[in-house]
Every structure is written in C-alpha cells, then in structure tokens.
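A look at the structure
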Amino acid sequence: MKRVVLVLAFLLAQPLLAANVTPGLSPAAEARYKALIGELRCLVCQNQSLLDSDANLAADLRREVLKLIESGQSDAQIIEFLVARYGDFVLYRPPLKATTVLLWAGPGGLLVVGLLVVGLWSRRRRVVQAPDPEQLAKLRAVAREVQDV
Amino acid sequence: MSSRYAPLAIFVVLIALLAVGLRLNPRLVPSPLVDKPAPAFDLPNLKAPDQRFTQADLLGKISLVNIWASWCVSCRAEHAALAEIARAGRVTVYGINYKDERADALQWLNTLGDPYRANGFDYDGRTGIDWGVYGTPETFLVDKRGIIRYKLVGPISPQVWEEILLPLIGQLEHS
C-alpha cells in the first residue's frame, strides 16, 4: 500500500518539474518551449536534455529559451542562437553532416554487414556439410563393423 | 584463404580505433567561438561597480579571459598557475566572475591574491552563455584584434601554458 502511494505521489509530482513552470505562456508557445528543451542537450549532464536536467546551466538555458520565445524568435532562430555559442553538441539529436555520417549510418550499416556475413557463412557451411558419397560409404562400412562386435 | 585473416584484420582495426578513441575526452565540447570575435559584453567591474568592463577593453593586447567563481574548487586549484602567468607579463589576464556573490568573489581575491587586470561581474551568467561557458574554470586566449584563438576548459596549468598557449602567443605576437 505504501508503495502504491509513493508511486502515485511521484507521478502526480511530475507536472511540478522545474522545466514545466512556464507562467504566462500561451499553450502554443508552451508546446514550442517543451519541444525545444527536449531537443537541446544539457552540457553539464550531457546525456540529458534541458527538459530532464537539474543542472544550474540547464536552468539558465531553459530561462534563455523562454526569453527568446517570448521575444518572438522562431524555433530555428533559437536553435541557431544556441549552436552559435555551444556548437552542434547542444543539439540532442546530432545534425546530419559529413562528420556525423558515420554516427547515423554506422549502426544500420554494421547490422547489414553483420547479416551479410552470417548469411554467407551459413551458406558456406551448408555446402561444406554436403556428404561425400565415397566417405559416406566408408563410414557406413565402419559403422556396420562396429555394430557387429 | 584471405577470409582466414578477416578476424585478425577486424581486430587490428578495432585496436586502432580504441587506441585513438579511448584517449579522447568525450565530455569536452569544442567551442564554435574559436577564430571568431569575442562575444560582446558589458559588465560592471567587480571591484568598482560604477565602472564597466566590455569586450572593447580586450583590444590592442593579447589577453586571457578567465571564467571563474569563488565556489569553484578547480578555480582555486588553478589560481597559482594563473597568478604566475599574470606575473610573466606575456599576456594580460582578465576575469569574468561567473554566477557568484560579489562579497564572496572579493573575499576570494583578497585571500588568494588578484592576478586580474579587471574582472567583470556576471551575476546571472548571461555573459557566460554568450561565451559558451558550461563549466568553470574556462580560459579564452584572445588576440590583439579581439578574436578568440583558443578555449581551454578546465584548470590552467604550467603544462598547458608551455605546450599550448605559449606557442600560440608567440604566433600572435608577430601578427
């Protein structure tokens, strides 16, 4: 029972996340805000987005994004603002560039290569395992001998 | 027969990749500000709040702009090295006091010594955002025309000074 209460309390507290406090924003702007901070990386806790991170810098950057939205900047302008200062790493999803092609294509590419290798390997094994008739006859003869002993 | 060496070849490639990759610091974020003009700022002077400290003050000399705070342990660790660099006189050392309390910052300078020609007081960290600051201490090498030439994340040390900064400064002095 205590566990149920604790889980419920935790779930109900989600809307109180600092990132979710957006006084005076229109619903459309708030949606933009939430979307943006979900797409931007916290540079301190680098595997969290600005939405999730509790770091001081994340709070500062959320405030900055809010300010930029309120001053009428578009999503593209806000992203450009942050990339100009922090580089591509501030984007939670890395942009597709010459330097990130390996990052994006790598896993899929490796999977295809792996499947190819497995396919070719198993095909070769099947061929190798086709029985040689002469050897088969010899084996049968030996097996019969062994059985008779 | 060549496929017999495929696992060995894959192993060698993997070792090569690991040899490079494991020595890189994944937390280091390269700065897009290198080779661009230092971001404009207008801060009150830490010691004399009625005076302003702006990017224009950086012009005409090679300078280090050190982002620091009294709550930052690594800043304390690098302070001796920074003081030594300031004494050496090859560069002018400026500071931006980042997200700190003025009283604490002044106390810190009184206790440890003040290597800075001037310090800007960036209370809300807004100037830090413009400079792409994500963790103190950070130190920027700025040339005579106010262009950022190098960004160091983490405490400065005699090794960094000799191996990275001095050669760069030598180049900048002749431009």
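About the cut-offs
Residues numbered from 1 in each chain as written. Chains lettered and ligands numbered in written order. Predicted model: local features only at pLDDT ≥ 70, side-chain atom pairs only at ≥ 80, totals over all residues. Heavy atoms only, no water. Phe/Tyr/Trp six-rings, centres within 6.5 Å; stacked < 30°, edge-to-face > 60°. Helix = DSSP H or I, 4+ residues; strand = E, 2+ residues; numbered from the N terminus. Buried < 20%, exposed > 50% of the residue type's maximum accessible area, 1.4 Å probe, protein only. Contact = heavy atoms within 4.5 Å. Buried area = accessible area lost by both parts, 1.4 Å probe. Salt bridge = Lys/Arg side-chain N within 4 Å of Asp/Glu carboxyl O. Pairing = 2+ DSSP bridges. Axes fitted to C-alpha atoms, helices over the stretch in contact; angles between N-to-C directions. pLDDT = per-residue confidence, 0-100. 1 Å grid on protein atoms, 1.4 Å probe; cavity = no way out; pocket = protein on both sides within 12 Å on 5 of 7 lines; lining within 4 Å. Points joined across faces, edges and corners; volume = space filled by probe spheres on them. Nonpolar A, V, L, I, M, F, W, Y, C, P; charged D, E, K, R; others polar. Right-handed = clockwise from strand over helix to strand, strands pointing away. Disulfide = S-S within 2.5 Å.

1. As for the packing of aromatic side chains
The relation between two aromatic rings is expressed through the spacing of the ring centres and the mutual angle of the planes. All names here are of chain B. Under the criterion given, the structure shown has seven aromatic pairs over all chains. When the ring of F41 is compared with that of F53, the centres are 5.2 Å apart and the planes differ by 65°; the resulting orientation is edge-to-face. Here the residue F41 occupies a position in the loop between helix 1 (6-21) and strand 1 (42-44), and F53 occupies one in strand 2 (residues 52-54), the gap between them amounting to 12 residues. Per residue, the accessibility class of F41 equals that of F53, and both read buried. Pairing W131 with F140 gives two aromatic rings, centres 4.8 Å apart and planes at 80°, and the pair type is edge-to-face. Assigned by exposure class, W131 and F140 land together as buried.

2. A few points about the interface of chain A and chain B
Counting residues at the interface gives 17 residues for chain A and 17 residues for chain B. Taking both sides of the interface into account, the surface hidden between chain A and chain B amounts to around 1300 Å²; carbon and sulfur atoms contribute 48%. A per-residue breakdown of the area chain A buries against chain B is headed by Q46(A), R85(A) and Y86(A), which together make up 39% of the total. Joining chain A to chain B, the criterion identifies three salt bridges.

3. Some remarks on the sheet that holds strand 4 (residues 92-98) of chain B
Residues and elements named next belong to chain B. Strand order across the open sheet formed by five strands is 5-4-3-6-7, with mixed pairing between neighbours. Strand pairing shows two members of the sheet lacking a second neighbour, strand 5 (118-122) and strand 7 (148-153), which therefore form its edges. Pairwise comparison of adjacent strand axes, ignoring direction, gives a mean angle of 20° for this sheet. As paired elements, strand 3 (residues 63-68) and strand 6 (residues 138-142) share five bridges and run antiparallel to each other. Bridging across to strand 6, V65 finds its partner in F140. Contacting strand 3, strand 4 and strand 6, helix 2 (residues 73-88) crosses the sheet at an angle of about 160° to strand 3. Against the sheet, helix 3 (residues 102-112) engages strand 3, strand 4 and strand 5, with an angle of about 125° to strand 3.

4. Section: the confidence of the model for chain B
Atomic detail in the predicted coordinates should be set aside for any region of low pLDDT. On average, residues of chain B score 94 in pLDDT, and 99% of them reach the 70 mark or higher. Interface predicted TM-score (ipTM) for the complex: 0.84; the corresponding pTM is 0.79.

5. Digging into the environment of P39(B)
All names here are of chain B. Mapped onto the secondary structure, P39 falls in the loop between helix 1 and strand 1. On the basis of relative accessible area, P39 is assigned to the buried category, the value being 12%. P39 sits 89 residues away from G128 along the chain, and the two C-alpha atoms are 9.8 Å apart. In this structure P39 touches L33, Q55, D130, W131 and I148, once residues within four positions along its chain are discounted.

6. A look at the layout of surface pockets
Considered as a void within the structure, the largest pocket measures approximately 670 Å³ in volume. Around the largest pocket, the lining is made up of 21 residues, and of these F89(A), T99(A), T100(A), L103(A) and L24(B) lie nearest the centre. Its residues assigned to classes, the lining of the largest pocket shows 14 nonpolar, five polar and two charged. A volume near 190 Å³ is recorded for the second largest pocket. Considering the residues around the second largest pocket, the lining is formed by V117(A), L120(A), W121(A), R124(A), S3(B), A6(B), P7(B) and I10(B).

7. Digging into the pairing of strand 5 of chain B
Residue and element names in this part refer to chain B. Burial within strand 5 is extensive, with five of its five residues counted as buried. The alternating pattern of strand 5 places A118, G120 and D122 on one face and N119 and F121 on the opposite face, and all of these are buried. Crossover handedness for the path strand 4 to helix 3 to strand 5: right-handed.

8. Points about the state of the cysteines
In the structure shown here, the tally under the stated rule is one disulfide over all chains. The disulfide partner of C72(B) is C75(B), and the S-S distance across this bridge is 2.3 Å. Judged by the sign of its S-S torsion, about 85°, the bond between C72(B) and C75(B) is right-handed. Like C72(B), the residue C75(B) is buried in the burial classification. Here C42(A) stays unpaired: no disulfide links it, and the sulfur of C45(A), its closest cysteine neighbor, is 4.3 Å away.

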